[in-house]
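# Breakdown of the fold
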Amino acid sequence: MKNTALSEQHSKLGAKMVPFAGFNMPVQYSGINDEHETVRKGVGVFDVSHMGEFILKGEKAIDLIQKISSNDVSKLYDGKVQYAYMPNETGGIVDDFLTYRIDEQTYFLVVNASNIEKDWNWISKYNTEGVEMKNISDQTALFAVQGPKAAEALQSLTDIELARMEYYTFQKGTFAGVANVLISATGYTGAGGFEIYMANEDAQKVWDAIFEAGASYGIKPIGLGARDTLRLEMGFCLYGNDIDDSTSPLAAGLGWVTKFTKDFVNSADLKAEKERGVTQKLVGFEMIDRGIPRHDYEIVDVEGNKIGRVTSGTQSPTLKKSIGLGYVDSAFAKEGTEIFIGIRNQRIKAMVRKPPFVK
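Residues numbered from 1 in each chain as written. Predicted model: local features only at pLDDT ≥ 70, side-chain atom pairs only at ≥ 80, totals over all residues. Heavy atoms only, no water.

## Quick look at the packing of helix 2 (residues 32–41) against helix 7 (residues 224–234)
Worth spelling out the cut-off: To obtain each axis, a line is fitted to C-alpha atoms, and for helices this fit is confined to the stretch in contact; angles are then taken between N-to-C directions over 0 to 180 degrees. Elements are defined by DSSP. Helices are runs of H or I of four residues or more, strands are runs of E of two residues or more, and each kind is numbered from the N terminus. Orientation is classified from the angle alone, with under 35 degrees giving roughly parallel, over 145 giving roughly antiparallel, 65 to 115 giving roughly perpendicular, and any other angle giving oblique. It is the rotation of the near helix from the far one that decides the hand of a crossing: anticlockwise by less than a right angle makes it left-handed, clockwise makes it right-handed. Between two residues, a contact is recorded if the distance between any of their heavy atoms is within 4.5 Å. Three classes are used: nonpolar for Ala, Val, Leu, Ile, Met, Phe, Trp, Tyr, Cys and Pro, charged for Asp, Glu, Lys and Arg, and polar for all others, with Gly counted as polar.
Where helix 2 contacts helix 7, the axes come no closer than 8 Å and their chain directions differ by 55°. Overall, the two elements helix 2 and helix 7 adopt an arrangement that is oblique. Crossing handedness for the pair helix 2 and helix 7: right-handed. Facing Ile 32, Glu 35, His 36, Val 39 and Arg 40 of helix 2, the residues of helix 7 in contact are Gly 225, Ala 226, Thr 229, Leu 230, Glu 233 and Met 234. Counted by class, the contact of helix 2 with helix 7 contains five nonpolar, three polar and three charged residues.

Take a look at the structure:
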């Protein structure tokens with residue numbers, strides 16, 4: 001089990017630690033509901049240093065990323081971030097990831113922790129033009145400071161005007177006295193905020209400074225449990241649950257980051273699938289009757305015929321009701337459609353709802 005630079009710090013703070021994607025990670029501190037509310041209404045800090053980071057450099061770096069990415073990297077400019085996925089050759093998804101354009105020949109890719117080795121091998125396979133690749137995952141720490149008070153809480157630590165940063169842009173600068181920190185106006189909670197990248201050796205100093213600066217804003221450490229409930233309220237996909245090597249990106253609703261204006265891995269087959277129309281779709285749903293939907297529970301129609309499966313589910317701390325994501329046959333994907341979740345041999349009523357569940 002790998003540790004992040006601050007695993008010991010989390011244990012000292014009383015975090016419940018669990019294995020996640022091969023790392024020893026904090027799942028909760030004060031409790032999921034309390035942490036969830038802290039991020040929705042104030043500001044909280046996630047240590048997500050388990051994520052993977054690659055640097056791709058050289059004249060042909062953009063060509064390599066264009067080949068492995070579903071999105072159009074030529075639209076990026078210095079300081080801009082882009083969300084995409086890597087299609088595999090059989091209609092599924094290798095991973096979803098972020099691309100940061102540092103300059104014309106330098107790109108920074110952020111991938112999921114569970115896929116670091118797989119993604120590295122996948123990109124390397126297509127690196128036929130000698131693009132310089134560097135895996136800096138083990139040297140890099142990442143904190144997600146999320147919530148409506150994030151900019152105010154962090155502003156005293158940097159000269160970068162945080163409140164003026166546009167969503168999905170980034171800047172490099174001095175932060176908490178540490179040079180060359182990358183500050184990104186991104187996140188996985190829908191609550192606003194920043195993701196902050198630094199070298200492992202600076203992690204403790206930056207962590208301490210964030211908590212000192214944010215003390216008067218009620219800042220708290222937040223675990224992976226609340227990260228999951230927050231992303232689910234927004235309807236954000238989690239790799240390994242909602243998307244994986246066998247799921248169609250078009251069925252998963254990722255058509256918006258699938259750009260057929262260029263050639264990329266499996267683009268011809270995906271284009272043909274788009275023209276045919278998908279047979280299943282990933283939908284959001286709210287439970288009408290009591291019950292919590294869990295990963296892989298069956299979704300059935302009123303007669304009990306299987307029409308799909310749950311991929312993610314939880315009790316929403318904000319809505320005080322259960323919500324979920326799941327694949328259903330396309331005929332049942334329309335908002336307002338009544339569906340049923342198989343929970344302990346019972347059919348529990350739910351209704352298809354378009355995420356985000358919390359506006």
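## Focus: the nonpolar core
For the record, the criterion: Side-chain atoms within 4.5 Å link the members of a nonpolar core, which is a set of buried Ala, Val, Leu, Ile, Met, Phe, Trp, Tyr and Cys residues. Burial classification: accessible surface area is computed with a 1.4 Å probe over protein chains only, and a residue below 20% of its type maximum counts as buried, one above 50% as exposed, and the rest as partly exposed.
Counting residues in hydrophobic clusters, the biggest one holds 38 residues, and the most contacted among them are Tyr 100, Ile 243 and Leu 254. At the level of secondary structure, the elements contributing two or more residues to this core comprise strand 5 (81–87), strand 6 (93–103), strand 7 (106–111), strand 9 (140–146), helix 7 and strand 17 (321–329). Leave out the neighbours within four places in its chain, and Tyr 100 touches Lys 80, Val 81, Thr 106, Tyr 107, Phe 108, Val 110, Phe 170, Leu 182, Ser 184, Thr 186, Glu 195 and Tyr 197.

## A word on the sheet that holds strand 11 (residues 178–184)
Put simply, the test is: Pairing between strands requires that DSSP locate at least two bridges from one strand to the other.
Here we have six strands laid out as an open sheet, ordered 10-11-12-9-3-13, and mixed in their pairing. One side of each edge strand has no neighbouring strand; the edge strands of this open sheet are strand 10 (170–175) and strand 13 (220–222). Taking each pair of neighbouring strands and ignoring which way they run, the sheet shows an average axis angle of 30°. Across four bridges, the pairing between strand 3 (residues 44–47) and strand 9 is antiparallel. Along strand 9, the bridge assignment pairs Val 45 with Val 145. Together, strand 3, strand 9, strand 10, strand 11, strand 12 (193–199) and strand 13 form the strand contacts of helix 6 (residues 203–214), whose direction differs from that of strand 9 by roughly 10°.

## Notes on helix 2
The periodicity of an α-helix, 3.6 residues per turn, causes residues three or four positions apart to be oriented the same way. Among the residues making up helix 2, those that are buried are Glu 35, His 36, Thr 38, Val 39 and Arg 40. Contacts made by the buried residues of helix 2 are with strand 2 (23–28), strand 3, strand 9, strand 13 and helix 7.

## Some remarks on the layout of surface pockets
Let me state the cut-off plainly: The method works on a 1 Å grid over the protein atoms by themselves. A cavity is a set of points holding a 1.4 Å probe that cannot get out, a pocket is an open set with protein on both sides within 12 Å along at least five of seven lines, and residues with an atom within 4 Å of a point line them. Grid points are joined across faces, edges and corners, and a volume is the space filled by probe spheres set on the points.
Empty space within the second largest pocket amounts to approximately 460 Å³. As for the second largest pocket, its lining consists of 23 residues, of which Ile 55, Phe 108, Ile 136, Lys 172 and Asn 180 are closest to the centre. Within the residue set of the lining of the second largest pocket, elements represented by two or more residues are strand 4 (52–57), strand 6, strand 7, strand 8 (132–135), strand 11 and strand 12. Looking at which element gives the most residues to the lining of the second largest pocket, the answer is strand 11, with five residues. Partitioned by chemical class, the residues of the lining of the second largest pocket number twelve nonpolar, four polar and seven charged.

## A few points about the pairing of strand 18 (residues 338–343)
When strand 15 (residues 298–300) meets strand 18, the two strands line up antiparallel, connected through two bridges. Paired with Ile 299 across the strands is Ile 341, a residue of strand 18. The loop that links strand 18 with its antiparallel partner strand 19 (residues 346–353) comprises two residues; one of these, Arg 344, has a positive phi angle of about 45°.

## Here's the deal with the side chain of Gln 9
For the record, the criterion: Under this definition, polar contacts are N or O atom pairs within 3.5 Å; protein pairs additionally need one hydrogen-donor-capable and one acceptor-capable atom, and for neighbouring residues in sequence, both atoms have to be side-chain atoms.
Note on placement: Gln 9 falls in helix 1 (residues 7–12). Polar side-chain contacts of Gln 9 include one of 2.5 Å to the side chain of Gln 204. Every residue in contact with Gln 9, bar those within four places of it in the chain, is listed here: Gln 204, Trp 207 and Asp 208.

## As for the sheet that holds strand 8
One open sheet holds the five strands; their spatial order is 5-6-7-4-8, and the pairing between them is antiparallel. Each edge of the sheet is formed by a strand with only one pairing partner; in this case those strands are strand 5 and strand 8. The sheet shows a mean angle of 25° between the axes of neighbouring strands, direction not considered. Of the pairings in the sheet, the one linking strand 5 to strand 6 comprises seven bridges and is antiparallel in character. Residue Met 86 lies in a different strand from strand 6, and its bridge partner there is Asp 95.

## Focus: the pattern of salt bridges
The line we're drawing: Should a side-chain nitrogen of Lys or Arg be within 4 Å of a carboxyl oxygen of Asp or Glu, the pair is scored as a salt bridge.
For the structure on display, the rule yields 15 salt bridges. Measuring nitrogen to oxygen at the nearest pair gives 3.2 Å for the salt bridge that ties Glu 286 to Lys 321. Separated by 35 residues along the polypeptide, Glu 286 in strand 14 (residues 280–287) and Lys 321 in strand 17 bring together distant segments of the chain. With relative accessibility at 34%, the residue Lys 321 sits in the partly exposed group. Between Arg 353 and Glu 286 there is a salt bridge, with the nearest N and O atoms lying 3.8 Å from each other. Residue Arg 353 is found in strand 19, and its partner Glu 286 is found in strand 14; the two are separated by 67 residues along the sequence. Taking relative accessible area as the criterion, Glu 286 reaches 12% and is therefore assigned buried. Via salt bridges that share partners, Asp 228, Arg 231 and Asp 242 belong to a single interconnected network.

Purely geometric numbers; function is a separate question.
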